[in-house]
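Breakdown of the fold
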Protein chains: 4
Amino acid sequence: MAGALKLGMVGGGQGAFIGAVHRMAARLDGHWEIVAGALASTPERALASGEELGLAPDRIYSDFATMAQAEAAREDGIDAVSIVTPNHVHFSAAQAFLEAGIPVICDKPLTSNGADASALQSLVDSSGTAFVLTHNYTGYPMIRQAREMIERGDLGALRLIHVEYIQGWLSEDLESEGDKQAGWRTDPSRSGAGGAIGDIGTHAFNLVSFTTQKQVERLSAQLHRFVEGRRLDDNAHVILDCSGGTKAVLLATQVAPGYENEIRLRISGTKGSIEWNQSTANTLRFSLLGGAPQTITRGGPTAGATAAASSRIPGGHPEGYLEAFATLYTEAATLIRGGSAPLLPTVKDGVDGVKFVEACVASSKEDGAWQQL
Amino acid sequence: MAGALKLGMVGGGQGAFIGAVHRMAARLDGHWEIVAGALASTPERALASGEELGLAPDRIYSDFATMAQAEAAREDGIDAVSIVTPNHVHFSAAQAFLEAGIPVICDKPLTSNGADASALQSLVDSSGTAFVLTHNYTGYPMIRQAREMIERGDLGALRLIHVEYIQGWLSEDLESEGDKQAGWRTDPSRSGAGGAIGDIGTHAFNLVSFTTQKQVERLSAQLHRFVEGRRLDDNAHVILDCSGGTKAVLLATQVAPGYENEIRLRISGTKGSIEWNQSTANTLRFSLLGGAPQTITRGGPTAGATAAASSRIPGGHPEGYLEAFATLYTEAATLIRGGSAPLLPTVKDGVDGVKFVEACVASSKEDGAWQQL
Amino acid sequence: MAGALKLGMVGGGQGAFIGAVHRMAARLDGHWEIVAGALASTPERALASGEELGLAPDRIYSDFATMAQAEAAREDGIDAVSIVTPNHVHFSAAQAFLEAGIPVICDKPLTSNGADASALQSLVDSSGTAFVLTHNYTGYPMIRQAREMIERGDLGALRLIHVEYIQGWLSEDLESEGDKQAGWRTDPSRSGAGGAIGDIGTHAFNLVSFTTQKQVERLSAQLHRFVEGRRLDDNAHVILDCSGGTKAVLLATQVAPGYENEIRLRISGTKGSIEWNQSTANTLRFSLLGGAPQTITRGGPTAGATAAASSRIPGGHPEGYLEAFATLYTEAATLIRGGSAPLLPTVKDGVDGVKFVEACVASSKEDGAWQQL
Amino acid sequence: MAGALKLGMVGGGQGAFIGAVHRMAARLDGHWEIVAGALASTPERALASGEELGLAPDRIYSDFATMAQAEAAREDGIDAVSIVTPNHVHFSAAQAFLEAGIPVICDKPLTSNGADASALQSLVDSSGTAFVLTHNYTGYPMIRQAREMIERGDLGALRLIHVEYIQGWLSEDLESEGDKQAGWRTDPSRSGAGGAIGDIGTHAFNLVSFTTQKQVERLSAQLHRFVEGRRLDDNAHVILDCSGGTKAVLLATQVAPGYENEIRLRISGTKGSIEWNQSTANTLRFSLLGGAPQTITRGGPTAGATAAASSRIPGGHPEGYLEAFATLYTEAATLIRGGSAPLLPTVKDGVDGVKFVEACVASSKEDGAWQQL
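Residues numbered from 1 in each chain as written. Chains lettered and ligands numbered in written order. Predicted model: local features only at pLDDT ≥ 70, side-chain atom pairs only at ≥ 80, totals over all residues.

1. Quick word on the overall build of chain A
Counting its secondary structure elements, chain A contains 12 helices and 14 strands. With the C-alpha coordinates of chain A rotated into their principal frame, the extents come out at 65 × 50 × 40 Å. The buried share of chain A, taken over its 373 residues, is 65%. Taking as baseline every contact in chain A between residues at least 6 positions apart, the subset at least 24 positions apart corresponds to 71%. (Helix = DSSP H or I, 4+ residues; strand = E, 2+ residues; numbered from the N terminus. Buried ≥ 20, exposed ≤ 12 C-beta atoms within 10 Å, placed from the backbone. Contact = placed C-beta atoms within 7 Å.)

2. Description of the domain arrangement of chain A
Residues and elements named next belong to chain A. Assigned domains of chain A: these are domain 1 (5–133) and domain 2 (141–313 + 348–365). Computed over C-alpha atoms, the centres of domain 1 and domain 2 are 26 Å apart. On the domain 2 side, the residues contacting the 16 residues of domain 1 number 19 residues. Within the residue set of the side of domain 1 that touches domain 2, elements represented by two or more residues are helix H4 (87–99) and helix H5 (114–127). (Domains from an automatic or database assignment.)

3. Some remarks on the interface of chain D and chain A
At the junction of the two partners, chain D supplies 34 residues and chain A supplies 33 residues. If you list the elements that add at least two residues to the side of chain D that touches chain A, you get helix H1 (18–28) and helix H11 (321–336) of chain D. Sorting elements by how many residues they give to the side of chain D that touches chain A places H1 of chain D first, with five residues.

4. Section: the relation of the copies chain D and chain A
If you rotate chain D by 180 degrees and push it 0.0 Å along the axis, it lands on chain A with an RMSD of 0.0 Å. As the rotation angle and translation indicate, the two copies are arranged about a two-fold axis. Both copies share a contact surface, since 97% of the interface residues of chain D are interface residues in chain A too. (Least-squares fit on C-alpha atoms with pLDDT ≥ 70 in both.)

5. As for the environment of Glu-148 of chain D
All names here are of chain D. On the secondary structure map, Glu-148 appears in helix H6 (residues 141–152). Classification of Glu-148 by C-beta neighbours within 10 Å gives partly exposed; the count is 17. The spatial distance from the C-alpha of Glu-148 to the C-alpha of Val-249 is 22 Å, given a sequence separation of 101 residues.

6. As for the relation of the copies chain D and chain B
After a rotation of 180 degrees and a shift along the axis of 0.0 Å, chain D superposes on chain B with an RMSD of 0.0 Å. Most of the interface of chain D is mirrored in chain B, where 100% of its interface residues again form contacts.

7. Details of the confidence of the model for chain A
Of the residues in chain A, 99% reach a pLDDT of 70 or more, and the chain-wide mean stands at 96. Across the assembled chains, the prediction reports ipTM 0.96 with pTM 0.97. (pLDDT = per-residue confidence, 0-100.)

8. Concerning the pairing of strand S12 (residues 283–288) of chain B
On a regular strand, each side chain points to the face opposite its neighbour's, so the side chains alternate between the two faces of the sheet. Residues and elements named next belong to chain B. Pairing of strand S11 (residues 272–277) with S12 involves four bridges; the strand directions are antiparallel. Counted as the bridge partner of Ile-274 is Phe-286 from S12. Hairpin remark: S11 followed by S12, antiparallel, with five residues in the connecting loop. Two strands pair when backbone bridges link them, and S12 and strand S13 (residues 294–297) are joined in this way by four bridges, in the antiparallel orientation. When the bridges of S13 are listed, Arg-285 appears paired with Thr-295. Between the antiparallel neighbours S12 and S13 lie five residues, among them Gly-290 with a positive phi of about 80 degrees. (Pairing = 2+ DSSP bridges.)

9. What to know about the pairing of strand S1 (residues 5–10) of chain D
Residue and element names in this part refer to chain D. Of the pairings in the sheet, the one linking S1 to strand S2 (residues 32–38) comprises six bridges and is parallel in character. Across the sheet, residue Leu-7 finds its bridge partner in S2, namely Ile-34. Each parallel crossover has a hand, and the one from S1 via H1 to S2 is right-handed. (Right-handed = clockwise from strand over helix to strand, strands pointing away.)

10. Topic: the sheet that holds strand S5 (residues 131–133) of chain D
Residues and elements named next belong to chain D. Across the sheet, which stays open at both edges, the five strands sit in the order S2-S1-S3-S4-S5 with parallel pairing between neighbours. Each end of this open sheet is capped by a strand with a single partner; those strands are S2 and S5. Taking each pair of neighbouring strands and ignoring which way they run, the sheet shows an average axis angle of 25 degrees. As judged from the three bridges shared by strand S4 (residues 104–106) and S5, these two strands associate in the parallel manner. (Axes fitted to C-alpha atoms, helices over the stretch in contact; angles between N-to-C directions.)

11. Points about unusual backbone geometry
The omega torsion across Lys-108 of chain A and Pro-109 of chain A is -10 degrees, close enough to zero to call that bond cis. Following the sequence through the fold, Pro-109 of chain A ends up in the loop between strand S4 (104–106) and H5. Backbone geometry places Asp-367 of chain B, a non-glycine residue, at a positive phi of 60 degrees. On the secondary structure map, Asp-367 of chain B appears in the loop between helix H12 (347–365) and strand S14 (371–372). A tally of 10 C-beta atoms within 10 Å means that Asp-367 of chain B is categorised as exposed.

12. As for the packing of H6 of chain D against helix H9 (residues 196–212) of chain D
Residue and element names in this part refer to chain D. At a minimum axis separation of 7 Å, H6 and H9 run at an interaxial angle of 45 degrees. In terms of their interaxial angle, H6 and H9 are classed as oblique. Here Ile-143, Ala-146, Arg-147 and Ile-150 of H6 come into contact with H9, specifically with Leu-207, Phe-210, Thr-211 and Thr-212. In terms of residue class, the contact of H6 with H9 is built from five nonpolar, two polar and one charged. (Parallel < 35°, antiparallel > 145°, perpendicular 65-115°, else oblique. Nonpolar A, V, L, I, M, F, W, Y, C, P; charged D, E, K, R; others polar.)

13. A word on the sheet that holds strand S5 (residues 131–133) of chain B
Each strand in a sheet pairs with its neighbour through backbone hydrogen bonds, running either in the same direction (parallel) or in the opposite one (antiparallel). Residue and element names in this part refer to chain B. Taken together, five strands build an open sheet; the order of strands is S2-S1-S3-S4-S5 and the sheet is parallel. One side of each edge strand has no neighbouring strand; the edge strands of this open sheet are strand S2 (32–38) and S5. The mean angle between the axes of side-by-side strands here comes to 25 degrees, regardless of whether they run parallel or antiparallel. With respect to the sheet, helix H3 (residues 64–73) is in contact with strand S1 (5–10) and S2, its orientation differing from that of S2 by roughly 130 degrees.

14. Digging into helix H5 (residues 114–127) of chain C
All names here are of chain C. Along its 14 residues, H5 runs 20 Å from first to last C-alpha, staying within 8% of the 20 Å computed at 1.5 Å per residue. Listing the buried residues of H5 in full gives Asp-116, Ala-117, Leu-120, Gln-121 and Val-124. Projected down its long axis, H5 carries its buried residues within an arc of 140 degrees, all on one side. The exposed set on the far side of H5, more than 90 degrees from its buried face, consists of Ala-115, Ser-122, Asp-125 and Ser-126. In this structure, the buried side of H5 is in contact with helix H4 (87–99), strand S5 (131–133) and helix H12 (347–365). Gly-128 lies just past H5 and shows a positive phi near 70 degrees. (Expected span 1.5 Å × (residues − 1). Arc of directions from axis to C-beta.)

15. So, helix H1 (residues 18–28) of chain C
With respect to burial, H1 of chain C is a largely interior element, 10 of its 11 residues being buried. Of all the residues in H1 of chain C, the buried ones are Ile-18, Gly-19, Val-21, His-22, Arg-23, Met-24, Ala-25, Ala-26, Arg-27 and Leu-28 of chain C.

Right, here's the structure in full:
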């Protein structure tokens, strides 16, 4: 595509899952071309991964620092970098590119600890360089529909938020069996203080703030490690008090056998309720006090402008996870081209997410004592 | 039906909801004939209600005390009485019949406070008279299937229990508008200390103990009153620690507009998970680690003996709420005829339920402080 | 219940399925008491079955003819008889009771052939005695809701009707393995000319006429016998032209492994569509041109008067197959007491059903040639 | 991506729907770069559309003939062309590129009439140039799973196929209101003899042949035009006899208000059944005789190799319509690079589809007379 932006990538080499997702998301709408990368933490894998992607040899880097400098120096340097490493690398990688003046698209959670998160926020603020956090579920048209409806007051004053993210893949000790994904996601030195709460709980938390625009004021959390020997939590039960008197419950688990990535968000206000499930991502259940439940469909007659703007194909033909992710990349392109993309998650959302994880960990250590946020 | 047992009823006159349910449940399988009643709290309504049911004039009573004595004295006196009044009457009515040697079938919650509950338990224990608590959801074949599977170890060691009971009918201040059901259910003098937590939270709590046979050891509860002026909670978020390290979350709400009686129970163990929803009551989702989710159907090839014994018609033809309720009445008949009915909820379950409500209220008053059970 | 009507039963003894269903349906709402029966085709089983039901010895009959005469002669004789035998007995049994002046409640299909059906219709008409055909699915509140909406014009002029009834239980040759149900249902001498088309196809056909009040003008049918050695069809594909230009397709199968009793009815008109599934019997999908699909729930705010009048308990608490069946028995009581029950299936519906089966058989024999109805 | 293939496009300019779909599908997996196009039927719109896509000025063509010659002559000419025009242009456009030795990816139906279809097949066969027909639903992992299971015999010998494709968007006369999509799809000169049967019925037909590998031997069809003034059918009811005694019913409608693109495929054999719905595209219902229904999920433990090879992301994260479409483009790249892509729809499938449409039209004209295929 003419004017496709040039994208670099840090992390996401062979064997990674999320790197490939970012690349598909970047390509779908034609706004990005992947041209450079420091794709793995060893030079050999970085090279092999770069070649597999067909990158020009001089744009396959063995470390992100070199890449940031080299790309900044090129006339045809990258327009942005995607950082898709394990969490503990996010900060230093983002720093390198921001300092080189290169916009950053960063996977979540923002960093592996709160100090890094705050420092990164300062860096972003002082640099004036674009920074996008890929809380990808915010790209789902029906999630945006929910936000639009809540903002407009369709549900009235919000009373209840019940959100859950249910997986089963860590029901056993995969990290001891050499599973790469399980390895870093259960390793405090790479993931930070949160296990399930960081990996998927932050997504659930972000869905709450994105759709309701509510602040979480305090929380009480129980984190559990069900699998023996596991070093981070694999389950979280969190009670949240939100601004304006809204009460919430957040569940995040990785030990429910037979559940893949079940996300459910249910929100009730004085006038109505909405409910969304990832497994039926193209529809939103909406019920008004005294009315029949309705099914708002992505391409249907009662979906609003926000949903339509985040949607590609007619209703009934399902869009999925990659399309939602692609919407973030498309809006990142808009942003970097100087346009407006008000729904894109920011470094501030990332800081909130890391603080949320740390507050959950602290609360859980004190048997659920309330933590202010 | 030959040998149909004779049933009396206290409460459940004109305008009541649950009395009619009990009568349909009692009739369905042909084991009961309703022959006597003190159906309302005023003599006029008691008379009118009794006539409407076609009771013999001399068996329409204006108060339960008279009824207990009179029926005990008759040669053809009732074989059992159903108590379906507001909660605060349960204790004294049950006492009257137990003391007269008449078996009692009592609606839940057992009583409106813990002292009454304990006293009633003592009474039942010392009297040796049969006592059944109608925690009707335990009659669902698929709930019994869940219990059987958990007992057999199909799920392995239990880790997680997520249960919720979601209603919307009290989203507004119906009690001020003269709604009879809303009136007594939100009135502490008739319902006891619990609103939503007593009315529907106890059902959810009972489903947990029934299916898992776990004890709740301690809990942390948040009760809310969202509707201004309401005197009891209309929402509850409860964290529970169960015996054996199982962790649970219980949600009970009456202020989610557009939800009727959504009950969902999801339980995960080391080996598998089950999930049940009242809206699809005839099926049970079952997934094993490493296997595809299966749908166990009430009449299908993988449902067990317990489910079959609680079921009337072939699979695919839905049984519902009344059939589940009727199973309790049928088993009560078995019990009173001298047989065994090990799955029937007992006075002990009732005591546990009342203690649960009081623990939730106490915890909530102290901002979620843990309460031992 | 005072004034409960007295019911006799022909057929439905030990080992039968549908007899027990009729008895539960008769009991549920308290309008019927079962007092007499000729429950089986051999005197021994008739006696054993009657004793099991607790019938008085003098009201256990070994044949229906004796029963009709004896009951007609008693002062406390039955108010109606339920005929729940295999199809080929319907006619003669109904004749016996009608001639004795006793109202008849008869299972479907009306008779095992069209000549009997017409003769029975004449008998009913000339006798002036009440006759009810238990097309039980018409008792579902949401089916009645559909009828009400269509009658009111909510869907506009009807264009399309797609109905299907899918079972799998006859996927194998159960009739050769001694299965009693399979035995008579696949035996032309007891079932008549139709297998699946008579057993379940007539239900689907009746749902179409009940909800739309359309006449089927002609049809083209393909009947199949997939199981080797089977004597009647186990699958039917039927194309129907209805009055007013409405086009329909009816599928009935008993050889789809893993399907229990899946009934789906979808109707579209110029303005909207409705869809109902037995597996979610308490809801009706309703979509208007240009609107979001809505879920009408049995007890919900958008269900109409007809549904409410056929419903017992609040929404969200599922009613099922037996409740729908019970509604027919309650309305039969109304009818026999002299009231009006306009929704009850009549002998005319039964004649239509038998003609439908015979037209399907004739069409199929001629490779789908159109048959006028 | 290194070695991304160069794609040209005919049709799919501004205002088209399917062109944008093809472009997203081509981009998703990184195997294609769009470099040339004759995107619209007028030079002005062709130019504007090409510029919007960022094509180089010398590769924006005003007609496909010029494009085919020019691209064939370039050293960096396109590796394939996508033809996404209305149906009547497919033949001549495909001819131009095939004769220029350029592989063709063509939207369905193959052509607007059977003569063209046969001629095109001859052309493809004689040219030896790659030709892919984008029957995109065959790209769904769960559809491929179905095919794999049927081929392996999981369902036993097939008895029944019920397929339907239900839309509502043509419930009114949109073609008279200037709707571009409705315009050409209801215009015989551009669509050919089939309306709904060609537009969506061919997809349903293709799903049957793809999953079962059965031949349709004869059919009886009823095509209807419900909207007054419409020139092509907007509804089709088709009975099909397949090879090996399998019996099928195919429904395709565009006049069911409130239905978007509901596709359901249910297949039963002697041993088991499968069912797939586009609205839950990531799962496949599978039931064996005597077993509980199972849910095979796209990324789950019981999905097979074929599904995995057509899938990008872990289970639970839904893939949708575009991903299925992209799989065809990825396999087309494999094919053009000299590899094997045995699941890709071919010109033969296209010929079968056109013959199917013409047979339906012919049968319907004779009131459903059987047509051999």
